[in-house]
Structures are given as structure tokens and as C-alpha cells.
Amino acid sequence: MSKKTLVEATINGETVEFLCEPRQSLLETLRDVLELTGSKEGCLTGDCGACTVLVDGRPVCSCLMLGVEAQGKNIVTVEGLAINGVLHVLQNKFLEHAALQCGICTPGFLISAKSLLDRNPKPTEHEVRYALAGNLCRCTGYDKIVKAVLDAAADIRSQGEGKAAAR
Amino acid sequence: MAESTTTRDFKVIGTRPIRPDGVDKVTGRAKFGADYAFPGMLHGKVLRSPHAHAIIKSIKIDKALKLPGVKAIVTSKDLPAAENKLEQSGEMTVNPMHLSMNILAHDKVLYDGHAIAAVAATSPHIAEEALRLIEVEYEVLPPVMTVDAATKPGAPILLKDLRNNEEGDKPTNVAQHYQFKRGDIAAGFKAADYVIEREFNTAMVHQGYIEPHNAVGIYNSDGQATIYCSTQGAFDVRSLSAQVLGMPVGKIKVVPAEIGGGFGGKTTIYLEPLSVLLSKKTGAPVKLVMSRSEVLRASGPTPGSKIKVKMGATKDGKLVAAEIWMAYQAGAFPGSPVAAGALCIIAPYTIENFLIDAYDVVVNRPKTAAYRAPGTTQAAFASETVIDELAEKCGIDPIDFRIKNGVKEGAPQVLGPPFKRIGFIQTCEAIKNSEHYKSKLTGKFRGRGVASGFWFNAGMQSSATVNIHTDGTASVVTGSPDIGGSRASMAMITAEVLGLPVTDVRPITADTDSIGHTDVTAGSRVTFATGMAVYEAAKDAERQLIERAAKVWEKKPDEVEFRGGMLHAKGNGVPPMSIKQLAPRFARTGGPITGRASVNARGVGPGFATTVVDVEVDPDTGKVQLLRCTVAQDAGKAIHPSYVEGQMQGGTAQGIGWALNEEYFYDDNGTLRNSGFLDYRIPTCLDLPMIETIIVEEANPGHPLGVRGVGEVSIVPPVAAVANAIYRAVGVRMTQTPMSPPKLLKAILKHRGATQHSAAAD
Ligand code: FES
Ligand code: FES
């Protein structure tokens, strides 16, 4: 067995130090070392997106990255989406639109969708589908997921306009 | 049974509240099977056969056992002998010996991926290293991969004890022959003006749930075991594991975790008994999780099939005869859903003369399991394509053709007894009247196809408890794992009966010690049968509330009424009382209120769906793009319409994947060559359009709320609908799945050659 390495990273806004084996993926590290089991394993080959997390703002399949590579990085998982118990607009829209059935794919979709809306607050349906094509869902046929993301985008925009008007 | 109440005024049913388990699922808090961890827990891995068919000559585990961190290894020697007999378990028949042989191969491996041994170690990586140190000596046998290969004279025999109902004491790969018939098919075909006969072949496909199988087993020194796992049926895991392990059912508790999709594939056991065996050997909790490749190689896909359909119709479009031969790949052990397929293949239509022969055939592939309307999608691909062709020959619109021949209340089912109230024609009419069907489809290489489907739906046993809390809110406890949002429906039914806001009802899926026996979540039965138990349990609570209010008011129970969530004393001017007001008095009037019910649900209402799709075919590559899709389905009564739509959309998407991309691809050695999501390609959101839904509500007279199952039938029409649309787009009739680019392109080129050839000859 190889020696463990000490890694320091920012995870969901907190600086954390942890030990992990060089062969452990970031997904395994998050789930088994840090007990953040919100990120899911569907394939371990980068094909399903259930393990998606943000690394320095970019969506990454955490099964394809090593835990030791998290050194110095800023990582956001599904557990970091709600702030002080207040759900992110995407989380609310997923609930309102019934955009989940079993929910195993949901954490990955939320992260990929957040990354899209951070970059492009006004996506078309096609842009949403394109951005989410790396996330597999077998339950919903994607219909309600795409609608939830489009609705969340509209909501974020109108909030932004509301804020601008108040200023 | 109470009369159907679809037209009744509901307060909660039919609305779209936020699901009660939703927040846990969007925050990452929901605990799926693989999320469980216990102090001192070990990790298990399974050694699997690289051969499709081989005799195991020896297994040597000593080197592996010496690897530091390895705590135990089990092989089939650790399993007790199991009986070779057939037993009913939920909706399946189970042969305990075959089940045991599938959990760990006994003397033979029967498919690529067949489990041979399991290791427990201090980390999953060490367990995996240990697998490489286990030495297995095989005598490799020729693999038998298809129905044709398995049934030809002199074919290698998979199971030496297998006999069927016709061939006497002769070893065979044909496990069973079923036959269903009515009328006189020779006379039927004689009366036909048009007869179409075609052969269809469909590839084996997988349910493709995103969450791999998992189990954590804890065996205590007092002989009690607990299993945490993601399953569609905790009680089935308990009884099946008890059989394989030779343990009494009462010594095993199964705790159903959140489940990340099942679609029928999580109705049996794979890892569960291994986790208990390894825990027994090591004294520690042991967790096993399959990789995606293991899921594809060694869980239970749905059979590939070979189906021959011959059907005849008169000029004016009346179906008069059907002759059908169908054989399904059961996998390594008997038990494909071919009989279900045979009973569904022409179920939507009244045909006076038919003969259906159906064969269950073992092959060197994983033992198949249920997949959404098991056995029916393959069958409908064949029959609905031929029906489309007959409609065309008769010059009748395909929807009108279906309406003309479609079953209505009173029509005989394939087995004879008449249908009760059903909504097949209504689904056809809903599509006919839809904006989609009325819209014009223009453009080159574009086509529109329709198809319909039938599925029985299931009843079976369910239990429910409704507890009224001291503040007048309630919880509803059932034994049905929730795979599609059923907890929302259970809370809504309880809230409806008790006149509570749905947010005052907390629904729970309990473990096998905390609720009465409940059969597997399958057959679209949860909202129907468990919903029936919940309805009765809430009614039981209501009766008790009335008794208590009567006590408070010093009246007889029949002088008290429960209406709109309030208790009313008949007659005089006593002000009504809410459950909230009554709840603090439970203690003084006889203690807590718990409504209870257990049912073995009768009155199942079958499901029908009709689907229309528009496609565009790229004639140079054979790629099919879906442009538009609408599905109409009879729900009886939609409790939570969003989740009914979700079932319709999800089933349709799976059907489209089945039609266009998905297939098990084995090489000549019987090795699965696409055991990952990259090559076993399920639809992504770029492959699909929005899936429009029309919920038909033709109340099921057998349910107090009119409910029919909605979970399955939407998967049945899409394969045929896509094939029919492709025909209209490019003029080729596809008779195999998947209709993937290389296969479709080949068919297009052949067709082009043929038409050019005939044009040249003209
Ligand atoms: S688990 Fe990482 S992409 Fe599937
Ligand atoms: S909701 Fe089940 S996989 Fe997406």
C-alpha cells in the first residue's frame, strides 16, 4: 500500500486538510474520506456525470481526477449549493418541476447546470441540452430537467433585473 | 369496492405538490445504498468469469488470502445446497438452485461476468488486488449465444438437469413452451384480403439505471443479519437471501436505502447474500458495490428475441387472423418474460383467430430480469410494425386502423375473460386529436410513426400504517421502495382522506421489521396496490377519529361525521372539531391512533399507451434524429400528474434508446464488448426532444380512487413507432433493433439498390 498524502483544498467554501492515497479518485476521497456522499458514482469512466463537481469553477467528473490533484483547488459539490440552509434557485426549480425521480443523477445535473448558468445566464433550450449532455438520467427523459434549468435561468435574470431596478 | 371516483372533487389528489423527499435529494443528503458506512466496515469485490461457458475445475484462494488487508474469501462451497424447484416470489417464479448458482457459480460458469468468488478486505483497492491472486482453472466450452444456436440439433447444453414440458427426459436448452390460441387461424387467413408476414430480431438491452447494485451486510453473533441495499423489494431481498443462505426469514432484516433507478432490474438479488456471508466470516460489516461494467455483464438485462408475426386483415381494415412464433433469450437460467410477451403481443386488438407459440431458451448470457413491462416492448415492435403495414395496405390511417380493431370494455382478453373498463381507444383518440398528429410534417427524409402498447399491471400484497401525531399531523408508513416519486402519492392519498394539507403528512418507506409484508415495487403496482392499503389505513384512522370524537362528545359513533377534515356532531349545535383539536385528547380517550391496512389487491386495471414520433433520417449515415414525440397513456386517475408524466417520459426515452442505440454486443467468444456507458449508449438530453404527454383518465373500477398503474406501458410503443416513422421517412421496414446508423444505412442502401434495379428493369 502506498503512503497517504496530505492535501489542502477549499471545499464548499471551507479550507480543509485531508489524507488520501495516491490511487484514490477525487470522488472516492470526497465520499469515503470527507463523508461528502452527495456526489454519486454511476460509472467511474467519465460517462454518466453523476460525480460532477466544480473545480475552480469548471465542471469536472470527480471520478476522473485524483484526490491528490485537489491540492490548492477550490471545489464545490452539491452539498455546497445551498447557502445557510437556503436552497439555490436551481434546487428549488428542480423540486417545482419534478425534475427528479430517483434522484441519483440530480447532484451531477445541479452542478453542471450551475456551471452553465454561471457562464451563460440566458441559454437556449439547445444550449441547455448541450451543456447537460455529459450527464445521464435514465428516469426522466430529461424533459423536466431542461425545463427546470430554463426556468431557473429566467428566475435568476428577473432577480438580477429586480436588483438593478432597485438600485 | 367503492365505486370509481375520478369525477369526484378532490382537494389534494390531482395537484402537484413538492415531493416530501425532494429536499434531501437536491442537497445530497438522501442516503442511497452506496452511501452507507459503518465503523470497522470492510469492502468486498467479486471475481467474475472471463468465459461465457466453462467448467470450473478448481479455485485456489490461498495466495489471495495472504495479501495484507484481506479478511475473507467465499466461494460456492460456502453456500448451502438449494432445492431444484419452482417457487412464487412476488411477481417472479424462482428456482432456489438456479438463484444460488447465479449468486456464485457452482461447477460451471454460464456467462461472461458470472460470479465465482467474493473477497472482503480493508479497502476496495486491496479487495480488487486480491481478485487477481485467485487462481481458477477452467475447461472452456463453446458458448451458445442465440436462440438459433441454442436450439439447433447437437447444441451444447447449458444446464444438465433442465427439462421442458414437451421433450420428456431429454436435456435441452428450451426451458418452456407456451401456447395460446383462439378460433381457427386457417379460416381466418382465408378470409383475409391482405396477409403480412415478417421476422423480427431484437438485441438484448439493459435497464440502465444510473446507480449500480450495492449492499452492506452485517451479521451478528446472535445469528441476526441486517442488509442495507438499494432494491425495489426489501421483502423479496429478505426471502431470496434467506433461501440462498439457508437462514430463516425472520433472522434477516432488510433496510431499503434510497434507490437510484431500477425499472425491474432491482427486483432480485446479487450482492446481498455475499455481504452477509462475508460479514459472517469476518465479524465486520461488509459493503459491496458493482462497477458499471459488472452491472452490464452480470445483472439482469432484458432478453433479445426472435419473433415471427403473420397477420391478416380484410380490405375494410378488420384484423382476422394472427399467427405468432416467438423465442426469448432467458440468459443462463430459465425465466424470460416470454409468456408475458405472448399475452401482450396482440392484447390491444380484438382478433378472432390466433395462435401464439412462445419459447423460453437458455443461452450463455446473464440471467435476464424484469424491465418495464417485461417482454412486451420486443413483442410490440413486431406486431405494431405488421399492423402499420396492414393499415397501409388497406389505405386506412394507422390510428383509425387501431381504433377500428382496438379492444373496449367487454372484449375478450387473450386468455378469454373480458376486459373491464379500459382506455385504449381513448389513448388513440387523444393522439388523433393532438396538435402534434394534426400538424403537417414537411421536409425530406422525414416521417411520422405511431404505435400502441398494452401492459397488465400488477396487484399483489401491500401493508400500510397511518399514525396520527399528538399535534394532529400524520405519518404514513409503507413497505414499498419509492423509485419514481410514490411517497408523494402516498402522502397525498392520506392527506385527501384525512382532510389534511399534504405538508402535514410525512411518508416513510420502512424496513422489513417495521411494516407488514409488502411485495416488490414492480408491475406498476405501488400507487395502485400500496395506494389502496394507504387509502384503507387512512379510512381506518378516520373510523377511530370518529369514535374518539364521539367519546369526547358523549355520543354514539354514528352520531359523528367526518367531513372536510373536521369532525361534526350530527344534529345539535356542537361546534365541529379538527384533528388538531382532538389530538391532545387521544391519551384520555384510549391512546394513540394508528390506522392499519393490509391488502392483496384485486381489481388491477390494465394500462394502454399510444405514441406518435416524428423522425428525420440522414440517408448518408443512417442516423435518426427525433423531431417530436407525444405519448398518451391511461392513468385511471393521476394522483400526482407531474410524476405520472415523468413515468410516461422516462419510459418513452428508454423505448427510444432501445429503438435507436442500445444493444449487448458479444464477440464470438461470448465476451461482452460494450460493458460501459460509452459504448452501451443510452439517450442523452441532446438525443431527445421534449416528450409531450397526454394523461387519459379512464377510472379503474377496481380501485377506490380509480387508479391504474402508470409505471411501465409507456416503454412499449416507441420502438415500433420509431420503426414506422423511419419507414415513412425513407421507405425501409426495419425488422431488427437497434436501428442504429450502420444497420439502417445497410437497409437504406439495399432498398436503394432494389428500387434502382426495378426502375432500370421498367
Ligand atoms: S461516476 Fe464519474 S462520470 Fe460516472
Ligand atoms: S432521476 Fe433517476 S437517473 Fe435521473
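Nothing here was measured: the structure is a model prediction, and the numbers come from that model. Here the residue numbering is sequential within each chain, running from 1 through the sequence in written order. Chain A is the first chain written and ligand 1 is the first ligand written, with later ones labelled in order. Restriction of local features to residues with pLDDT of at least 70 applies here, the model being predicted, together with a cutoff of 80 or more for giving and counting side-chain atom pairs; totals for whole chains, interfaces and linings are based on all residues. Hydrogen atoms and water are omitted, and side-chain values are computed over all heavy atoms in the structure.

Chemist: Whenever I open this one, the overall build of chain A confuses me. Can you help?
Modeler: A tally of helices and strands in chain A yields five helices and five strands. Elements are defined by DSSP. Helices are runs of H or I of four residues or more, strands are runs of E of two residues or more, and each kind is numbered from the N terminus. Each helix (α) and strand (β) of chain A, taken in turn from the N terminus, gives the series β-β-α-β-β-β-α-α-α-α. We compute the radius of gyration over the C-alpha atoms and compare it with the globule rule, which gives 2.2 Å times the number of residues raised to the power 0.38. Taken over C-alpha atoms, the radius of gyration comes to 17 Å for chain A, in line with the 15 Å a tight globule of 167 residues would show. Each of the three principal axes of chain A carries a C-alpha extent, and together these read 55 × 40 × 25 Å. Across the 167 residues that make up chain A, the buried fraction comes to 53%. Residues are treated as being in contact if the distance between any of their heavy atoms lies within 4.5 Å. Expressed as a percentage of contacts within chain A between residues at least 6 apart in sequence, the contacts between residues at least 24 apart total 55%. Only the protein chains shown count as covering a residue, and every accessible area follows the Shrake-Rupley method with a 1.4 Å probe. As displayed, chain A has an accessible area near 7100 Å², and 51% of this comes from carbon and sulfur atoms. A positive count includes Lys and Arg, and a negative count includes Asp and Glu. His and the chain ends are not counted in either. Taken as the charge centre is NZ of Lys, CZ of Arg, CG of Asp or CD of Glu, depending on the residue. For chain A, the centre of its 18 positive side-chain charges and the centre of its 20 negative side-chain charges are spaced 4 Å apart. Relative accessibility under 20% of the residue-type maximum defines a buried residue, over 50% an exposed one, and the middle range a partly exposed one, all with a 1.4 Å probe and only protein chains included.

Chemist: For this particular structure, what's the right way to read unusual backbone geometry?
Modeler: Trans peptide bonds make up the majority, and among non-glycine residues the majority have a negative phi. In the segment running from Thr737 of chain B into Pro738 of chain B, the intervening peptide bond is cis, with an omega of -5 degrees. For Pro738 of chain B, the location among the structural elements is in the loop between α19 (718-730) and α20 (741-761). Of note in this structure, Asn12 of chain A is not a glycine but carries a positive phi near 50 degrees. Residue position: Asn12 of chain A is located in the loop between β1 (5-11) and β2 (14-20). Note on Asn12 of chain A: relative accessible area 24%, which makes it partly exposed. The residue Leu44 of chain A is not glycine, and still its phi comes out positive at about 65 degrees.

Chemist: Help me out: how do you make sense of the packing of aromatic side chains in this one?
Modeler: For any pair of aromatic rings, the description consists of the separation of the ring centres together with the inter-plane angle of the planes. Residues and elements named next belong to chain B. Each pair of aromatic rings taken from Phe, Tyr and Trp, with Trp reduced to its six-membered ring, is defined by centres within 6.5 Å and is described as stacked if the planes are under 30 degrees apart, edge-to-face if over 60, and tilted in the remaining cases. All chains considered together, the criterion is met by 16 aromatic pairs over all chains. Relative to Phe38, the ring of Tyr36 lies with its centre 6.3 Å away and its plane at 15 degrees, an arrangement referred to as stacked. Of the residues examined, Phe38 reaches a relative accessible area of 23% and is grouped as partly exposed. Ring centres of Phe419 and Phe454 lie 6.0 Å apart, and the angle between their planes is 70 degrees; this geometry places the pair in the edge-to-face category. Of this pair, Phe419 sits in the loop between α12 (398-405) and α13 (424-432) while Phe454 sits in strand β18 (residues 446-455); the two residues are 35 residues apart in sequence, bridging distant segments of the chain.

Chemist: Looking at this structure, how should I read the interface of chain B and chain A?
Modeler: The figure often quoted for interface size is the accessible area lost as the parts come together. If you look at the interface, chain B gives 54 residues, while chain A gives 46 residues. Carbon and sulfur atoms make up 61% of the area that chain B and chain A hide from each other, which totals about 4200 Å². Two parts placed together each lose some accessible area under a 1.4 Å probe, and adding up what both lose gives the buried area. When the buried area of chain B at its contact with chain A is split by residue, Val26, Cys685 and Met690 of chain B rank highest and sum to 18% of it. Any carboxyl oxygen of Asp or Glu that lies within 4 Å of a side-chain nitrogen of Lys or Arg is treated as forming a salt bridge with it. Run the count over chain B and chain A and you get five salt bridges. Counting of polar contacts relies on pairs of N or O atoms within 3.5 Å, with two restrictions inside protein: one atom must be capable of donating a hydrogen and the other of accepting it, and residues adjacent in sequence are counted only when both atoms are side-chain atoms. Counting every contact that joins chain B to chain A gives 23 residue pairs in polar contact (both at pLDDT 80 or more). Of all elements in the fold, only α1 (22-27), α4 (124-133) and α18 (641-660) of chain B reach the threshold of two or more residues within the side of chain B that touches chain A. It is α18 of chain B that provides the largest number of residues to the side of chain B that touches chain A, a total of nine residues. Note that Gly is not counted as nonpolar here; it falls among the polar residues with everything else outside the nonpolar set of Ala, Val, Leu, Ile, Met, Phe, Trp, Tyr, Cys and Pro and the charged set of Asp, Glu, Lys and Arg. Partitioning the side of chain B that touches chain A into residue classes produces 28 nonpolar, 18 polar and eight charged.

So far we have only geometry, and geometry alone does not tell us how the molecule works.
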